[in-house]
Amino acid sequence: MLRRLYDWTISMADHPRALWVLAVVSFIESSVFPIPPDVLMIPMILARPSRAWLIALVALVSSVIGGLLGYAIGALAYEQLGQPILAALGKADAMAEFSTRFNDVGFWAVLTAGITPFPYKVITIMSGWTAMPLGTFIATSILARGLRFFIVAALLWKFGAPIRDFIERRLGLVTILFVVLLFGGFYLVRHL
């Protein structure tokens, strides 16, 4: 089933209304859809590099608005919708423990999930469930998703197809390493 969703998402990159499809995919990926918008963005940008910034902007705006839906699911319908979605993603066991500490590190959780391969929808739902301040959630989502989508757009715009393999296979790992180093740096500064 996931493979069919992936193939459908890729086929939409050539669709005449690809930007609208990207907006929908970015929106629903932030709350329920399992395929990240990067899968659609990459072929779209490779096909039309001059539209890289517009494509990244559409993904950013749609993703943040979709994140607000995830936040609303967590805040208003956690028991009915949020918990089953998180359970389906294998995150049910850690939810209770996670919620007690979440708002202490909420900014960093949203930032990390927004720029790494970690499912952003988990954080959007948890942000609403734990009543993270909405302003913090929105600002951090804009920063994180903006970094993610505009870095992908910039790399593809500058280097084209040769960078595609790096983005698809290694950008997530590089980003995770960067976040680990960032957290490590803050930890060292705080405890030295």
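Details of the structure are given in the entry above.
Quick notes on the rules
Residues numbered from 1 in each chain as written. Predicted model: local features only at pLDDT ≥ 70, side-chain atom pairs only at ≥ 80, totals over all residues. Heavy atoms only, no water. Helix = DSSP H or I, 4+ residues; strand = E, 2+ residues; numbered from the N terminus. Buried < 20%, exposed > 50% of the residue type's maximum accessible area, 1.4 Å probe, protein only. Contact = heavy atoms within 4.5 Å. Areas by Shrake-Rupley, 256 points an atom, 1.4 Å probe, with all protein chains shown as cover. Polar contact = N/O pair within 3.5 Å; in protein donor to acceptor, adjacent residues only side chain to side chain. Axes fitted to C-alpha atoms, helices over the stretch in contact; angles between N-to-C directions. Parallel < 35°, antiparallel > 145°, perpendicular 65-115°, else oblique. Left-handed = near helix turned anticlockwise from the far one by under 90°. Nonpolar A, V, L, I, M, F, W, Y, C, P; charged D, E, K, R; others polar. Salt bridge = Lys/Arg side-chain N within 4 Å of Asp/Glu carboxyl O.

Draft legend 1. Just the overall build of the chain, in detail. When its secondary structure is counted, the chain shows 10 helices and 0 strands. Scored against the burial criterion, the 192 residues of the chain give a buried share of 44%. Pairs at least 24 apart in sequence give 77% of the contacts found in the chain among residues at least 6 apart. In the form shown here, the chain has an accessible surface area of approximately 10400 Å², with 69% of it arising from carbon and sulfur atoms.

Draft legend 2. Looking closely at the side chain of serine 127. Counting through the fold element by element, serine 127 comes out in helix H8 (residues 120-129). Reaching out from serine 127, the side chain makes a polar contact with the backbone oxygen of isoleucine 123 at a distance of 2.7 Å. Those residues in contact with serine 127 that lie beyond four places of it in its chain are Tyr71, Phe102, Val110, Met132 and Phe137.

Draft legend 3. Broad picture of helix H3 (residues 38-47). Most of H3 sits out of view: 8 of its 10 residues are buried. Along H3, the positions that sit buried rather than exposed are Asp38, Val39, Leu40, Met41, Ile42, Pro43, Met44 and Ile45.

Draft legend 4. Representation of the packing of helix H4 (residues 52-76) against helix H9 (residues 134-159). Contact geometry of H4 with H9 gives a least axis separation of 9 Å together with a crossing angle of 150°. Considered as vectors, H4 and H9 are oriented roughly antiparallel to each other. The interaxial crossing formed by H4 with H9 has right-handed handedness. Contacts between H4 and H9 involve Ala52, Trp53, Ala56, Leu57, Ala59, Leu60, Ser63, Val64, Gly67, Leu68 and Tyr71 from the former and Leu134, Phe137, Ile138, Ser141, Ile142, Arg145, Gly146, Phe149, Phe150, Ala153, Ala154 and Trp157 from the latter. Here the contact of H4 with H9 is built from residues that sort into 18 nonpolar, 4 polar and 1 charged.

Draft legend 5. How the structure looks around the environment of glutamate 79. Within the secondary structure, glutamate 79 sits in helix H5 (residues 78-88). For glutamate 79, a relative accessible area of 55% translates into the label exposed. Measuring from C-alpha to C-alpha, the distance between glutamate 79 and tryptophan 129 comes to 9.5 Å, with 50 residues separating the pair along the chain.

Draft legend 6. Representation of the pattern of salt bridges in the model. Here the structure, examined in full by the defined rule, presents 3 salt bridges. Across the salt bridge formed by glutamate 29 and lysine 121, the nearest N and O atoms sit 3.8 Å from each other. Here glutamate 29, found in helix H2 (residues 18-29), pairs with lysine 121, found in helix H8; they are 92 residues apart in sequence, far enough to count as distant. As far as the burial class goes, glutamate 29 and lysine 121 line up, both buried.

Draft legend 7. Unusual backbone geometry, seen in detail. Even without glycine at this site, alanine 131 takes up a positive phi of about 60°. Structurally, alanine 131 can be placed in the loop between H8 and H9. In this structure alanine 131 comes out as exposed when scored by relative accessible area, which is 55%.

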